Amino acid sequence: MIKITLPNGAIKDFNAPTVTAAQIAASIGPRLAKDAIGALVDGVLSDLNAPITKDAAVAIVTAKADDTNAMYLLRHSTAHVMAEAITQLYPEAKLAYGPPVDTGFYYDIELTEPIREEDFPRIEAAMAQIVTENRPFTRYEMPTSAALQKLAAQGNPYKVDNAQRALSQDPNAPISFYATGEPGKNWEDLCRGPHLPATGRIGAFKLASVAGAYWHGDASQQQLQRVYGMAFFSKAELDAHIHQLAEAKKRDHRVLGKQLGLFTISPLVGSGLILWMPKGGIVRQELENFMRIELARRGYNAVYTPHIGNINLYKTSGHYPYYKDSQFPTIKMKERDSGDESEYLLKPMNCPHHIQIYSAEPRSYRDLPIRLAEFGTVYRFEQSGELSGMTRVRGFTQDDAHLFCTPEQVEAELRSTVDMVLLVFKTLGFTDYQCRVSLRDPASDKYAGNPALWDQAEATLRKIVKEVGITSQEAIGEAAFYGPKLDFLVKDVIGRQWQLGTVQLDYVLPERFALEYTGADNTPHRPVMIHRAPFGSMERFTGILIEHFAGAFPTWLSPVQAIVLSISEKFLPYARGVVQQLTTTGIRAELDAGNDKIGAKIRRAREQKIPYLLVVGAKEQETSAVAVRTRKDQDLGPMPLKTFIEKISAEISDRLAEPAVIGPDANRHEVPA
RNA sequence: GCUGCUGUAGCUCAGCUGGUAGAGCACGUCCUUGGUAAGGACGAGGUCAAGGGUUCAAGUCCCUUCAGCAGCUCCA
């Protein structure tokens with residue numbers, strides 16, 4: 001007798017030594033039996049036909065796109081089907097590892113012959129055949145030694161390795177295989193499962209890309225071919241997903257950056273080096289102005305430091321020995337007079353320069369905290385394969401600052417820097433960010449300084465996070481070499497996560513540079529440093545911002561805030577007057593003096609994501625008005641130019657995220673998106 | 001850096017098995033002076049990423065370099 005508890009609390013008794021989830025589903029109803037593809041047995045995802053031998057809580061998993069368990073089964077099983085298809089077509093292929101991932105699945109394969117995207121249709125056709133055959137996924141288990149022997153006989157080192165790793169986790173676990181069909185007859189793979197009941201449950205799939213990937217993610221290991229795919233229960237879901245990918249691509253900052261004239265990259269200047277065009281320059285300038293105001297309010301002092309520094313500075317700081325592989329080569333030179341050799345480095349960080357400013361004068365505890373801020377440009381020689389638009393570059397400007405304080409001041413200063421990061425996110429409407437507490441990996445030797453101070457620093461950061469009340473997760477091994485940090489992460493349109501703002505606590509560099517201040521007791525003390533950058537880098541932040549707003553910046557950031565569109569050339573003089581008045585008020589306004597009809601002008605202005613379109617014709621000219629339209633296709637109708645200027649000015653000065661000019665009839669012509 | 005892919009007009013792209021370049025948009029001129037998401041006509045624009053090779057002949061085939069894309073690895 002087995003007692004099964006269902007999710008609604010109902011209890012069903014089965015008078016048999018074992019029962020399967022399939023049988024449970026059948027006992028509830030034919031519809032559920034048909035839709036069932038797996039089960040959660042006491043919370044563990046399991047095969048639909050796995051025998052349940054004792055009392056358990058069972059939830060039937062059905063084929064639904066919003067159920068992560070269902071998608072796991074689907075993607076995992078599709079990975080198997082793809083692997084079978086590939087081994088059919090490439091008998092030499094050695095399978096390594098094929099898991100489901102967030103957006104689909106992949107399989108890592110060792111194969112000398114490259115698989116190309118043009119080979120995908122053949123592979124997909126073979127997969128479709130396997131799906132059509134609707135073969136059951138059949139699990140069977142083998143004792144450890146027999147299984148290892150079997151795998152070794154197949155000559156696939158990866159599968160042997162996988163099995164051994166599984167055993168090292170749990171030496172008593174039996175080793176399981178899954179055949180698509182009949183074991184011994186059909187294709188099979190070492191796998192812990194679970195899977196769909198049969199290949200026929202795979203609705204729609206598509207191979208996405210192929211790329212190299214290292215075995216166990218270790219660059220010194222064999223490089224395998226990784227084939228990515230996506231899978232859904234229905235064609236409609238697959239199509240919707242493909243459509244969504246295409247939509248995301250339109251938000252890509254590299255695409256929008258070109259369309260909107262924000263930035264460019266020239267091979268003649270160098271890859272990974274951003275050239276800010278005039279319109280991108282405005283966005284950056286507005287962001288910097290915003291930050292400067294906040295810095296002034298919080299008692300920061302602006303400083304300026306050069307782009308290069310003597311190599312000895314970075315030897316002292318520790319940057320050079322730790323990271324010399326990712327720096328531009330040094331500049332070596334001979335002094336003309338003395339003939340002495342000296343060597344300079346493009347600065348990879350601003351902190352050593354700021355430290356020199358701190359130590360240029362004797363400091364008293366009464367002076368602290370000292371907060372030195374600079375939009376400091378730094379250079380790092382990233383690997384060529386890492387470069388990506390504005391988000392991963394070789395030269396970038398940090399909205400950097402270094403706070404030098406007494407140990408007692410650390411917490412208050414940290415709290416205020418975290419507040420500043422949160423203010424930036426709030427002002428720009430970022431809600432979908434993550435906070436990562438980046439800690440050292442005690443097993444690694446890359447971290448400098450005294451472990452006791454590290455413990456103290458890490459404890460302080462944990463405390464701050466708790467006090468401020470942000471959700472966060474800890475990441476071992478993500479700390480800077482000189483201290484732990486709080487990193488704020490945001491995803492780009494293709495789901496890659498980027499670090500933006502950062503707050504770092506540092507007991508090491510003050511030690512290395514022997515920084516001091518005189519305490520109330522008239523003896524020297526060592527200050528503590530906080531490194532912080534709310535935007536992180538202007539380049540990366542702007543790139544993410546472009547994607548966040550899909551190019552439609554809030555008015556205060558928009559390169560062009562309003563564009564005047566005249567109905568015909570007759571009204572150009574009035575239109576020019578309107579532009580003049582806007583410009584005089586400090587609003588960035590342009591005139592479209594082209595020979596197009598009003599519809600074409602509107603279309604072009606909206607493509608440029610200009611917040612306000614001001615149509616002027618005879619009626620407006622007579623009444624000193626403008627007919628206001630937003631880029632969202634809201635026709636606000638005519639209003640006195642004076643009123644428009646008042647409203648847009650308030651919207652800009654308050655850095656509002658939403659249009660403030662909207663009147664009573666705001667949405668009357670709005671077209672649903 | 002590694003694997004695979006890509007590079008043709010300012011932009012997006014076409015150009016089959018080699019026979020010396022094409023579209024749409026943008027741009028310019030002209031016609032039109034038009035009231036809310038593309039008015040019309042004509043025109044100008046290309047060292048086909050760069051360099052080398054094969055060939056009677058290369059945008060097309062091969063090699064090298066540069067740059068970009070996806071992933072891996074890395075990331076102060």
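Please refer to the structure higher up on the page.
Residues numbered from 1 in each chain as written. Chains lettered and ligands numbered in written order. Predicted model: local features only at pLDDT ≥ 70, side-chain atom pairs only at ≥ 80, totals over all residues. Heavy atoms only, no water.

(A) Broad picture of the overall build of chain A. The helix and strand tally for chain A stands at 20 helices and 35 strands. By principal-axis analysis of the C-alpha atoms, chain A measures approximately 85 × 75 × 55 Å. Of the contacts made within chain A by residues no fewer than 6 positions apart, 68% connect residues no fewer than 24 positions apart. Of the roughly 32,100 Å² of accessible surface on chain A, 51% is carried by carbon and sulfur atoms. When the 75 positive and 80 negative side-chain charges of chain A are each reduced to one mean point, those points stand 4 Å apart. (Helix = DSSP H or I, 4+ residues; strand = E, 2+ residues; numbered from the N terminus. Contact = heavy atoms within 4.5 Å. Areas by Shrake-Rupley, 256 points an atom, 1.4 Å probe, with all protein chains shown as cover. Lys, Arg positive; Asp, Glu negative; His and termini not counted. Charge placed at Lys NZ, Arg CZ, Asp CG, Glu CD.)

(B) The packing of aromatic side chains, seen in detail. For the structure shown, the criterion picks out 17 aromatic pairs. Centroid distance F425 to F430: 5.6 Å. Interplanar angle 65 degrees. Geometry classified as edge-to-face. As far as the burial class goes, F425 and F430 line up, both buried. With a centroid separation of 4.6 Å and an interplanar angle of 50 degrees, the aromatic rings of F425 and Y433 are classed as tilted. In this structure F425 comes out as buried when scored by relative accessible area, which is 1%. Taken together, F425, F430, Y433, F488, F535 and F541 form an aromatic cluster joined through their ring pairs. Positioned above the aromatic ring of F177, the side-chain terminus of K150 is 5.1 Å from the ring centre. Stacked on the ring of W276, the Lys or Arg R284 has its end atom at 4.9 Å from the ring centre. (Phe/Tyr/Trp six-rings, centres within 6.5 Å; stacked < 30°, edge-to-face > 60°. Buried < 20%, exposed > 50% of the residue type's maximum accessible area, 1.4 Å probe, protein only. Lys NZ or Arg CZ within 6 Å of the ring centre and 35° of its normal.)

(C) Representation of the nonpolar core in the model. L287, L428 and F541 are the most contacted members of the largest nonpolar core, which totals 58 residues. If one sorts the elements of this core by residue count, helix α13 (residues 410-428) sits on top with nine residues. Once residues within four sequence positions are removed from consideration, L428 is found in contact with L287, F535, F541, L545, H548, F549, W556 and L557. Ranked by size, the runner-up nonpolar core spans 42 residues in total, among them L45, A70, F120 and A231. (Core = buried A, V, L, I, M, F, W, Y, C linked by side-chain atoms within 4.5 Å.)

(D) Main features of helix α3 (residues 68-89). Over its 22 residues, α3 extends 31 Å from the first C-alpha to the last, a length consistent with the 32 Å expected when each residue adds 1.5 Å. Taking burial as the measure, the 22 residues of α3 include 17 buried ones, the bulk of the element. (Expected span 1.5 Å × (residues − 1).)

(E) Structural context of the protein's contact with RNA strand B. In the neighbourhood of RNA strand B, 51 residues make up the surrounding shell, with Q223, S326, E386, R606 and R629 lying closest. Here the atoms of RNA strand B within 4 Å of the protein split so that 45% fall in sugar or phosphate, with bases taking the remainder. A distance of 2.7 Å is found between a phosphate oxygen of RNA strand B and a side-chain nitrogen or oxygen belonging to R254. Between a base oxygen of RNA strand B and a side-chain N or O atom of R629, the distance comes to 2.3 Å. Mapped onto the surface near RNA strand B, the elements with two or more residues apiece are β14 (204-214), β15 (223-232), α8 (253-259), α18 (598-607), α19 (618-623) and β34 (625-630). (Near = heavy atom within 4 Å. Polar contact = N/O pair within 3.5 Å; in protein donor to acceptor, adjacent residues only side chain to side chain.)

(F) Highlighting the sheet that holds strand β27 (residues 497-506). Taken in spatial order, the eight strands line up as β18-β22-β23-β30-β27-β26-β24-β25 in an open sheet, and their pairing is mixed. The sheet is open, and its two borders are formed by β18 (301-302) and β25 (472-476), each paired with just one other strand. Relative to strand β30 (residues 528-533), β27 runs antiparallel, the two being bridged by five bridges. Across the sheet, V503 pairs through a bridge with R532, a residue of β30. (Pairing = 2+ DSSP bridges.)

(G) A look at the pattern of salt bridges. Counted by the stated rule, this structure contains 40 salt bridges. Between R526 and E511 there is a salt bridge, with the nearest N and O atoms lying 3.1 Å from each other. Residue R526 is located in the loop between β29 (524-525) and β30, and its partner E511 is located in helix α15 (residues 508-512); the two are separated by 15 residues in the primary sequence. On the accessibility criterion, E511 (47% relative accessible area) is partly exposed. Salt bridges sharing common partners tie together R284, E288, R292 and E539. (Salt bridge = Lys/Arg side-chain N within 4 Å of Asp/Glu carboxyl O.)

(H) Representation of the sheet that holds strand β32 (residues 589-592) in the model. The strand order across the open sheet formed by five strands is β32-β31-β33-β34-β35, and the pairing between neighbours is mixed. Here the strands that pair on one side only, and so sit at the sheet edges, are β32 and β35 (635-640). Strand after strand, the sheet turns through a mean of 30 degrees between neighbouring axes, direction not considered. Contacting β31 (562-566), β32, β33 (612-616) and β34, helix α17 (residues 572-584) runs over the sheet at an angle of about 165 degrees to β32. On the sheet, α18 packs against β31, β32, β33 and β34 and is oriented at approximately 165 degrees with respect to β31. (Axes fitted to C-alpha atoms, helices over the stretch in contact; angles between N-to-C directions.)

(I) Expanded view of the side chain of E620. Within the element layout of this structure, E620 appears in helix α19. Buried E620, no salt bridge; nearest opposite-charge side chain is K619, N-O distance 5.3 Å. Here G617 takes part through its backbone nitrogen, which lies 2.8 Å from a polar atom of the side chain of E620. Each residue touching E620, except ones within four places of it in the same chain, is listed here: Y574, V615, A625, V626 and A627.

(J) α13, seen in detail. Over its 19 residues, α13 extends 28 Å from the first C-alpha to the last, a length consistent with the 27 Å expected when each residue adds 1.5 Å. By the burial criterion, the buried members of α13 are V410, E413, L414, T417, V418, M420, V421, L422, V424, F425, T427 and L428. Just past α13, the residue G429 takes up positive phi, approximately 75 degrees.

(K) Broad picture of the pairing of strand β5 (residues 44-47). In terms of strand pairing, strand β4 (residues 36-41) meets β5 through four bridges, oriented antiparallel. From the neighbouring strand, A39 faces β5, where its bridge partner is S46. Between the end of β4 and the start of β5, which pair antiparallel, lie two residues, with D42 showing a positive phi angle near 50 degrees.

(L) The packing of helix α9 (residues 278-297) against helix α16 (residues 538-548), seen in detail. Where α9 contacts α16, the two axes come as close as 11 Å, and the packing angle between them is 110 degrees. Relative to α16, the element α9 lies roughly perpendicular. The hand of the α9/α16 crossing is right-handed. Here α9 contributes V283, R284, L287 and E288 to the contact with α16, which in turn contributes M538, E539, F541, T542 and L545. Classifying every residue of the contact of α9 with α16 gives five nonpolar, one polar and three charged. (Parallel < 35°, antiparallel > 145°, perpendicular 65-115°, else oblique. Left-handed = near helix turned anticlockwise from the far one by under 90°. Nonpolar A, V, L, I, M, F, W, Y, C, P; charged D, E, K, R; others polar.)

(M) Structural context of the side chain of S566. Along the chain, the position of S566 falls in strand β31. With relative accessibility at 1%, the residue S566 sits in the buried group. Of the polar contacts made by the side chain of S566, one reaches the backbone oxygen of S568; its length is 3.4 Å. Apart from residues no more than four positions distant in its own chain, S566 is found in contact with F571, L572, A575, D592, I598, K601 and V616.

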